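Topology and contacts: notes
What follows is the residue order along each chain.
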Amino acid sequence: TRARDDLLATVSHDLRNPIGTIYTSAALLLDLPLDEEQRQRQVQIIKRTAERMNRLIQDLLDASRMEAGHFSVEPHPVTVRSLIDDAHEMLAPIADADGISLTEQVDEPGTHVMADAERVQRVLSNLVGNALKFTPRGGEIHIHVERDGDMCRFSIRDQGPGIPPENLQRVFDRYWQANRTGGAGAGLGLAIAKGIVEAHGGRIWAESEPGKGATFRFTLPLAQVPETTGS
């Protein structure tokens, strides 16, 4: 009960700040004679902020479904290249706005995995979003995709301060991140990612040394389809 009360307080804080940002940008658009470049900048701020709010709301809905036992995924064969391309299109502008480079290495782009593409995008979004919180401006977040037996392994490496060994297992606990980051986030993103990956039959874990960044990895099952198909 106390964890949920803390969560409600954190969510209220997380929604109040972006609402203030949207209000300020909208007021500038209405009240000041902005040139086209300035106007576009304010519109982009509103768009990015609304997307951030939507991700928080989706995390809350998914957490509720998982707790009620109603959460499910609908996996289909998809290529890892398509998953990474979609993630880059969505996440690169956010990283650019923070002055951070988002790079990828896909060892076998034609590899198929069994994935609910929309849900896997949530995993990538939450992991990269987490990395953005801790990677300093001018740093890099790197995504690497490779085969791992009968699975495919996705790795997201940041250049943040790292995670103490005693906390590596706790980072996926629901609500815990809010305390770790002093209220910076509802503490649901990594827990949601864990639930989605495990619903696919994969696993997710973190590796880190303090002062040397952190790497979050997850696996998805390979799809049993031909690597190339005819017309």
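1. Section: the overall build of the protein chain
Summing up its helical and strand segments, the protein chain has 6 helices and 7 strands in all. A total of about 12,400 Å² of accessible surface is found on the protein chain, and carbon and sulfur atoms cover 50% of it.

2. Examining empty space enclosed by the protein
Throughout the structure, instances matching the rule amount to 2 cavities of 30 Å³ or more. Estimates place the volume of the largest cavity at around 70 Å³. For the largest cavity, the lining is made up of 10 residues, of which Phe-134, Asp-158, Gly-162, Ile-163 and Ala-214 are closest to its centre. Counting residues per element, the ones that place at least two in the lining of the largest cavity are α4 (117-134) and β7 (214-221). Here the lining of the largest cavity is built from residues that sort into 5 nonpolar, 3 polar and 2 charged.

3. Some words on the packing of aromatic side chains
For the coordinates displayed, the defined rule picks out 2 aromatic pairs. Aromatic side chains Phe-154 and Phe-218 sit 4.8 Å apart centroid to centroid with 5° between the ring planes, which places their arrangement in the stacked category. Residue Phe-154 is found in strand β5 (residues 151-157), and its partner Phe-218 is found in strand β7; the two are separated by 64 residues along the sequence. Summarising the aromatic geometry, the rings of Phe-172 and Phe-216 are spaced 5.9 Å apart at their centres and angled 80° between planes, so their arrangement reads as edge-to-face. Separated by 44 residues along the polypeptide, Phe-172 in the loop between β5 and α5 (176-180) and Phe-216 in strand β7 bring together distant segments of the chain. The class of Phe-172 is buried, set by a relative accessible area of 9%.

4. Some remarks on the packing of helix α3 (residues 80-97) against α4
Across the interface, α3 lies against α4 with an axial gap of 10 Å and an inter-helix angle of 35°. Pair α3 / α4 crosses with right-handed handedness. Facing α3, whose interface residues are Leu-83, Ile-84, Asp-86, Ala-87, Met-90, Leu-91, Ile-94 and Ala-95, α4 presents Ala-117, Val-120, Gln-121, Leu-124, Ser-125, Val-128 and Leu-132. Broken down by class, the residue content of the contact of α3 with α4 amounts to 12 nonpolar, 2 polar and 1 charged.

5. Points about the environment of Ser-82
If you trace the backbone, Ser-82 turns up in helix α3. Separated by 30 residues in the primary sequence, Ser-82 and His-112 have C-alpha atoms spaced 9.6 Å apart. A distance of 2.7 Å separates a polar atom in the side chain of Ser-82 from the backbone oxygen of Thr-79.

6. Remarks on the layout of surface pockets
The volume enclosed by the second largest pocket comes to roughly 390 Å³. Asn-54, Arg-55, Met-90, Arg-122 and Ser-125 are the residues nearest the centre of the second largest pocket, which is lined by 18 residues in total. If you list the elements that add at least two residues to the lining of the second largest pocket, you get α2 (36-68), α3 and α4. Counting residues per element, the lining of the second largest pocket draws most heavily on α2, at 8 residues.

7. Section: the packing of α2 against helix α6 (residues 189-199)
Relative orientation of the contacting elements α2 and α6 amounts to 50°, with a least axis distance of 10 Å. Considering their axes alone, α2 and α6 lie oblique with respect to each other. Taken as a pair, α2 and α6 cross one another with a handedness that is left-handed. Where α2 approaches α6, its residues Asp-59, Asp-62, Ala-63 and Met-66 are matched on the opposing element by Gly-189, Ile-192, Gly-195 and Ile-196. Taken together, the residues of the contact of α2 with α6 sort by class into 4 nonpolar, 2 polar and 2 charged.

Each value, and the rule that gives it
Residues numbered from 1 in each chain as written. Predicted model: local features only at pLDDT ≥ 70, side-chain atom pairs only at ≥ 80, totals over all residues. Heavy atoms only, no water. Helix = DSSP H or I, 4+ residues; strand = E, 2+ residues; numbered from the N terminus. Areas by Shrake-Rupley, 256 points an atom, 1.4 Å probe, with all protein chains shown as cover. 1 Å grid on protein atoms, 1.4 Å probe; cavity = no way out; pocket = protein on both sides within 12 Å on 5 of 7 lines; lining within 4 Å. Points joined across faces, edges and corners; volume = space filled by probe spheres on them. Nonpolar A, V, L, I, M, F, W, Y, C, P; charged D, E, K, R; others polar. Phe/Tyr/Trp six-rings, centres within 6.5 Å; stacked < 30°, edge-to-face > 60°. Buried < 20%, exposed > 50% of the residue type's maximum accessible area, 1.4 Å probe, protein only. Axes fitted to C-alpha atoms, helices over the stretch in contact; angles between N-to-C directions. Left-handed = near helix turned anticlockwise from the far one by under 90°. Contact = heavy atoms within 4.5 Å. Polar contact = N/O pair within 3.5 Å; in protein donor to acceptor, adjacent residues only side chain to side chain. Parallel < 35°, antiparallel > 145°, perpendicular 65-115°, else oblique.

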